[in-house]
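# Examining the three-dimensional arrangement
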Amino acid sequence: MKAIVIGGTGTIGSAVVKVFEDTGFEVLAVSRNSQLKADIENEESLDNLFRQSGNIDAIVCAAGNAAFGELEKLSDRDFSLSINSKLMGQVKLLQKGLHFLNPGGTVLLTGGIFAYKPWPGSSAIAMVNSALEGFVRAAALEISDNKKVMVIHPPLVAETAAKMGMDALPFPPASEVAQSYLEAVSKGKNGDALFVNGHKP
Ligand SMILES: NC(=O)c1ccc[n+]([C@@H]2O[C@H](COP(=O)([O-])OP(=O)(O)OC[C@H]3O[C@@H](n4cnc5c(N)ncnc54)[C@H](OP(=O)(O)O)[C@@H]3O)[C@@H](O)[C@H]2O)c1
């Protein structure tokens, strides 16, 4: 089985790469700066990626930026960045990736728990996370050949909490989060919105 992990060098993505490889997947780890490059905000680079990868069984996206900030201070630019990167980047990834997905294959997109449990400052992020869920639910109706599209909403991960100077203890490590990505790809159903084990809102 062959998988592409976009954001495969990041906190969540690198743990996903490891868990998938440990399970026997051949994994292509992709980011804007990896050896095999792609930028989800750039359609041409996605075309190039799939031309190089050929047909695959799973596409996992653990990439996409969105702006954190107080509602009144979020600029149009902050909202545009969030929409163009985390939302439309993953929309384009699905549209393009479907053509290269083997029958029965899965596309797993990443939202985030702010869609369900927002914090002050998370409105732009929560907006795109919720939009991704609606997109996936509707897109699933048009997907054939037993292919599946899903979105997973991770909680804050321990490594990220630590980087933010917070107590990491209440949060799952990326390795645990990655396990739920693997379960999503193997057991999730078309159109599902999924959560990391033990972190369902
Ligand atoms: N970490 C958390 O606590 C957490 C919680 C909930 C949701 N999430 C979501 O999970 C996703 C991954 O988060 P993370 O914390 O793992 O991020 P991260 O550590 O910053 O890593 C992001 C990864 O994505 C790549 N990337 C960034 N922009 C890209 C683009 N336009 N095209 C292709 N690759 C791109 C980065 O590499 P390059 O810079 O080389 O491209 C890197 O490999 C994000 O959507 C985030 O909102 C994270």
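Throughout what follows, the structure given in this document is the object of discussion. Quantities reported herein were computed from a predicted structural model and do not represent experimental measurements. (Residues numbered from 1 in each chain as written. Predicted model: local features only at pLDDT ≥ 70, side-chain atom pairs only at ≥ 80, totals over all residues. Heavy atoms only, no water.)

## Some words on a nonpolar patch on the surface
- Together, Phe-68, Trp-119, Met-164 and Met-166 make up a nonpolar patch on the protein surface, roughly 390 Å² of accessible area in all.
- For Trp-119, the location among the structural elements is in the loop between strand E5 (101-110) and helix H4 (123-139). (Patch = residues over 30% accessible without salt bridge, like charges linked within 9 Å, V, L, I, M, F, W, Y side chains within 5 Å. Areas by Shrake-Rupley, 256 points an atom, 1.4 Å probe, with all protein chains shown as cover. Salt bridge = Lys/Arg side-chain N within 4 Å of Asp/Glu carboxyl O. Helix = DSSP H or I, 4+ residues; strand = E, 2+ residues; numbered from the N terminus.)

## Section: the sheet that holds strand E2 (residues 26-31)
- With parallel pairing, seven strands are arranged side by side in an open sheet as E3-E2-E1-E4-E5-E6-E7. Across the chains shown, the open sheet's two edge strands, defined by having one partner strand only, are strand E3 (36-37) and strand E7 (193-195).
- Docked against the sheet, H4 engages E5, strand E6 (148-153) and E7, running at close to 160° with respect to E6. (Pairing = 2+ DSSP bridges. Contact = heavy atoms within 4.5 Å. Axes fitted to C-alpha atoms, helices over the stretch in contact; angles between N-to-C directions.)

## Regarding the packing of aromatic side chains
- Following the criterion strictly, the structure yields five aromatic pairs and no others.
- Judged by centre distance (6.3 Å) and plane angle (40°), the ring pair of Phe-68 and Phe-114 falls under tilted. Highlighted residues: Phe-68 in the loop between strand E4 (56-61) and helix H3 (76-97) and Phe-114 in the loop between E5 and H4, separated in sequence by 46 residues.
- On the accessibility criterion, Phe-114 (14% relative accessible area) is buried.
- Feature note: the residues Phe-68, Phe-114 and Trp-119 constitute an aromatic cluster, connected by ring pairs. (Phe/Tyr/Trp six-rings, centres within 6.5 Å; stacked < 30°, edge-to-face > 60°. Buried < 20%, exposed > 50% of the residue type's maximum accessible area, 1.4 Å probe, protein only.)

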